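Read off the chains here:
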Amino acid sequence: SSAARTDNVFQLGATWQATPAVQVKAAAIYDLARHVNVNGEGGNKLSTFLIGDYFLSKRTDVYLAGAYSKTSSAFNGPFAGNDDSISATFGLRHRF
């Protein structure tokens, strides 16, 4: 197909300060794409995120983050041949 690829991307996010030391963030990104490949096929991609922060001080925190992504149609298979991906990260951050 000679039509140009188009992506309509929608995002939503929120932050909740549960206590002065605890913060929770959530976000979602949805990509509705058209003309993704040479056959003119479209696809969808949904990515979601959840992050928890515990502040040890004003500049130092520990965090736990999780993410989930799901693809369909022409987007299928970007994650080592799979249509979905799950990840988790734990870390310690200090801001200079």
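In this report, we go over the structure that sits alongside the text.

Further remarks concern the overall build of the chain. A tally of helices and strands in the chain yields 0 helices and 5 strands. Based on the C-alpha atoms only, the size of the chain along its principal axes is roughly 55 × 25 × 25 Å. Taking the contacts inside the chain whose residues are at least 6 apart along the sequence as the reference set, 45% of them involve residues at least 24 apart. For the chain, the centre of its 9 positive side-chain charges and the centre of its 7 negative side-chain charges are spaced 11 Å apart.

Overall, antiparallel pairing links the 5 strands, which are arranged 1-2-3-4-5 in an open sheet. Single-partner strands in this sheet number two, and they are strand 1 (6-19) and strand 5 (84-94). Neighbour to neighbour, the strand axes of the sheet diverge by 10 degrees on average, direction disregarded. Relative to strand 3 (residues 43-55), strand 2 (residues 22-34) runs antiparallel, the two being bridged by 12 bridges. Residue pairing for strand 3: tyrosine 30 is matched across the bridge by leucine 46.

Glancing now at the environment of arginine 59. Relative to the helices and strands, arginine 59 resides in the loop between strand 3 and strand 4 (60-73). The exposure class assigned to arginine 59 is partly exposed, which follows from its relative accessible area of 42%. Taking the C-alpha atoms as reference, arginine 59 lies 23 Å from phenylalanine 49; in sequence the two are 10 residues apart. Ignoring anything within four residues of it in the chain, the contact list for arginine 59 reads Arg93, His94, Arg95 and Phe96. Polar side-chain contacts of arginine 59 include one of 3.0 Å to the side chain of histidine 94. There is a polar contact of 2.8 Å between the side chain of arginine 59 and the backbone oxygen of arginine 95.

Moving on, we come to the pairing of strand 3. With 13 bridges joining them, strand 3 and strand 4 adopt antiparallel strand pairing. Across the sheet, phenylalanine 55 pairs through a bridge with aspartate 61, a residue of strand 4.

About the thresholds
Residues numbered from 1 in each chain as written. Predicted model: local features only at pLDDT ≥ 70, side-chain atom pairs only at ≥ 80, totals over all residues. Heavy atoms only, no water. Helix = DSSP H or I, 4+ residues; strand = E, 2+ residues; numbered from the N terminus. Contact = heavy atoms within 4.5 Å. Lys, Arg positive; Asp, Glu negative; His and termini not counted. Charge placed at Lys NZ, Arg CZ, Asp CG, Glu CD. Pairing = 2+ DSSP bridges. Axes fitted to C-alpha atoms, helices over the stretch in contact; angles between N-to-C directions. Buried < 20%, exposed > 50% of the residue type's maximum accessible area, 1.4 Å probe, protein only. Polar contact = N/O pair within 3.5 Å; in protein donor to acceptor, adjacent residues only side chain to side chain.

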